[in-house]
Amino acid sequence: MLYNNLGKTGIEVSKLCYGSLTLGPMQTDMSLDKGSELICNAFDQGVNFIDTAQSYGTYKYIRESLKKIERSKFVIFTKTYAYTKKLAEEALKQAFDEIGIDYIDGFLLHEQESEHTLRGHYEATEYFLKMKEKGYIRSFGISTHNIAGVKGAIKSGYVDVVHPLFNKASIGIGDGEKEEMYQAIIEAKNKGLGVYSMKPLGGGNLIDTYEESLKYVLEKQYIDSIAIGMQSKEEILANVQMFDRGYVDASLKENLKNVNRKLLINDWCIGCGKCVKRCNYGAIKLIENKAVVDHDKCILCTYCAKECADFCIKVI
Ligand code: SF4
Ligand code: SF4
């Protein structure tokens, strides 16, 4: 496994980052044993970096995995929507209490759309920067789906790490295309920020072009690490093989094709109906102003996902 420093933070992370969202109640809602076993399995194969968030409900899996993984060898990043000092304080306390730790490697403000959003979070930012000075937080950062978010982080002068959305099909990038996002990433790296990207498979929508899509992101040298959600040992192994040598064993690839996947529509759907219009199979309808999928009709073509500006539609 390749390891990189996250910008100037001096934090060394594996190129493959465990995206823990997949484990929790928002996606597969795995048992505690199974989720923590997967984290440990990835760690044993060199994955020393995990991404979580206050909203994911996945702290418990990390806590459990820390019974087997030495804390100092594991890099943990979380995120919060907190914008006031009080909410930020609560978010930090919750992370420490629920994961069972007394410092965290990275605390990010979740989904910062631009420099204006970041400015609107100044109270939480001030608090986190103070906690960084005191040694409770090793780095401060933001996650973002927007090019303007990365640019805002660079401009701020106090963001250490950015966690932008980036994939071959530009799925989920809120304000432009992958080329512009990558330019912003290069700029961030050149200014000394650490960069770990998310959603290289477009929230599961690029699974049919798995190798090609991963290669596209892996070739981008300015990205220090790439977070991917993984829900089985086979998926972990496939990703480790891709990251280590650029291809996956044929038998493993066949196994992964047989995994039962389904469409997931996140509850922040605003009921715009664009996905409904796009579906040629009558598999989505609006019920009480929310898109609802009929899994019997859905063939997982993922065309609907590309229509959703709010990135609500995933394949899990
Ligand atoms: S994935 Fe394809 S079939 Fe399924 S709801 Fe979306 S557009 Fe329709
Ligand atoms: S396109 Fe997205 S926001 Fe609009 S109805 Fe579909 S899932 Fe909801």
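How each quantity is defined
Residues numbered from 1 in each chain as written. Chains lettered and ligands numbered in written order. Predicted model: local features only at pLDDT ≥ 70, side-chain atom pairs only at ≥ 80, totals over all residues. Heavy atoms only, no water. Helix = DSSP H or I, 4+ residues; strand = E, 2+ residues; numbered from the N terminus. Contact = heavy atoms within 4.5 Å. Lys, Arg positive; Asp, Glu negative; His and termini not counted. Charge placed at Lys NZ, Arg CZ, Asp CG, Glu CD. Near = heavy atom within 4 Å. Nonpolar A, V, L, I, M, F, W, Y, C, P; charged D, E, K, R; others polar. Pairing = 2+ DSSP bridges. Axes fitted to C-alpha atoms, helices over the stretch in contact; angles between N-to-C directions. Buried < 20%, exposed > 50% of the residue type's maximum accessible area, 1.4 Å probe, protein only. Right-handed = clockwise from strand over helix to strand, strands pointing away. Phe/Tyr/Trp six-rings, centres within 6.5 Å; stacked < 30°, edge-to-face > 60°. Salt bridge = Lys/Arg side-chain N within 4 Å of Asp/Glu carboxyl O.

Some details on the overall build of the protein chain
Now for step 1: When helices and strands are tallied, the protein chain shows 12 helices and 14 strands.
Now for step 2: Pairs at least 24 apart in sequence give 72% of the contacts found in the protein chain among residues at least 6 apart.
Now for step 3: In the protein chain, which carries 41 positive and 42 negative side-chain charges, the distance between the mean positions of the two groups comes to 1 Å.

Side note on the site of ligand 1
Now for step 1: Neighbouring ligand 1 are Leu263, Cys279, Tyr281, Ala283, Ile284, Cys298, Ile299, Leu300, Cys301, Thr302 and Cys304.
Now for step 2: Residues of the shell around ligand 1, tallied by class, amount to 10 nonpolar, one polar and no charged.

Here's the deal with the site of ligand 2
Now for step 1: For ligand 2, the full set of nearby residues is Ile265, Cys269, Ile270, Gly271, Cys272, Gly273, Cys275, Leu286, Ala291, Cys308, Cys312 and Ile313.
Now for step 2: Grouping the constituent residues of the shell around ligand 2 by class yields 10 nonpolar, two polar and no charged.

Brief notes about the sheet that holds strand E9 (residues 194-198)
Now for step 1: Spatially, E3-E4-E5-E6-E7-E8-E9-E10 is the arrangement adopted by the eight strands of the closed barrel, whose pairing is parallel. Across the sheet, the mean angle separating the axes of adjacent strands is 25 degrees when strand polarity is ignored.
Now for step 2: Sheet topology note: the strand E3 (residues 16-19)/strand E10 (residues 225-229) ladder contains four bridges and is parallel. Bridging from a neighbouring strand, Cys17 pairs with Ala227 of E10.

Remarks on the pairing of strand E5 (residues 75-80)
Now for step 1: With six of its six residues buried, E5 lies for the most part within the structure.
Now for step 2: Burial of the side chains of E5 extends over both faces: Val75, Phe77 and Lys79 are buried on one face and Ile76, Thr78 and Thr80 on the other.
Now for step 3: Here strand E4 (residues 49-51) runs beside E5; their pairing, made up of three bridges, is parallel. Of the residues in E5, the one forming a bridge with Phe49 is Val75.
Now for step 4: Viewed along the sheet, the connection from E4 through helix H2 (residues 59-65) into E5 turns out right-handed.
Now for step 5: Bridging between E5 and strand E6 (residues 106-109) involves four bridges; their strand directions are parallel. When the bridges of E6 are listed, Lys79 appears paired with Leu108.
Now for step 6: This β-α-β element, E5 to helix H3 (residues 85-99) to E6, shows right-handed connectivity.

Observations regarding the packing of aromatic side chains
Now for step 1: Throughout the structure, instances matching the rule amount to 12 aromatic pairs.
Now for step 2: Between Phe49 and Phe77, the aromatic rings sit 5.3 Å apart at their centres with planes inclined by 75 degrees, giving edge-to-face as the arrangement. Note that Phe49 is positioned in strand E4 and Phe77 in strand E5, a separation of 28 residues in sequence.
Now for step 3: Ring geometry for Phe96 against Tyr136: centres 6.4 Å apart, planes inclined by 55 degrees, an arrangement best described as tilted. Taken as a pair, Phe96 in helix H3 and Tyr136 in the loop between helix H5 (122-133) and strand E7 (140-144) lie far apart in primary sequence, 40 residues in all.
Now for step 4: Taken together, the ring pairs in this structure connect Phe107, Tyr127, Phe128, Phe140 and Tyr158 into an aromatic cluster.

Focus: the pattern of salt bridges
Now for step 1: Within the structure shown, the criterion is met by 17 salt bridges.
Now for step 2: Here Arg119 and Glu115 are joined by a salt bridge, their closest N and O atoms 2.8 Å apart. You can see Arg119 and its partner Glu115 sitting in helix H4 (residues 115-120), four residues apart, about one turn around the helix.
Now for step 3: Residue classification places Glu115 among the partly exposed residues on the basis of a relative accessible area of 25%.
Now for step 4: For Lys253, the salt bridge is made with Glu211, and the minimal N-O distance between the two is 3.0 Å. Residue Lys253 is located in helix H10 (residues 250-257), and its partner Glu211 is located in helix H8 (residues 210-218); the two are separated by 42 residues in the primary sequence.
Now for step 5: Classification of Lys253 as partly exposed rests on a relative accessible area of 34%.
Now for step 6: Its relative accessible area of 18% is what places Glu211 among the buried residues.

Scope: geometric values only; no functional claims are made or implied.
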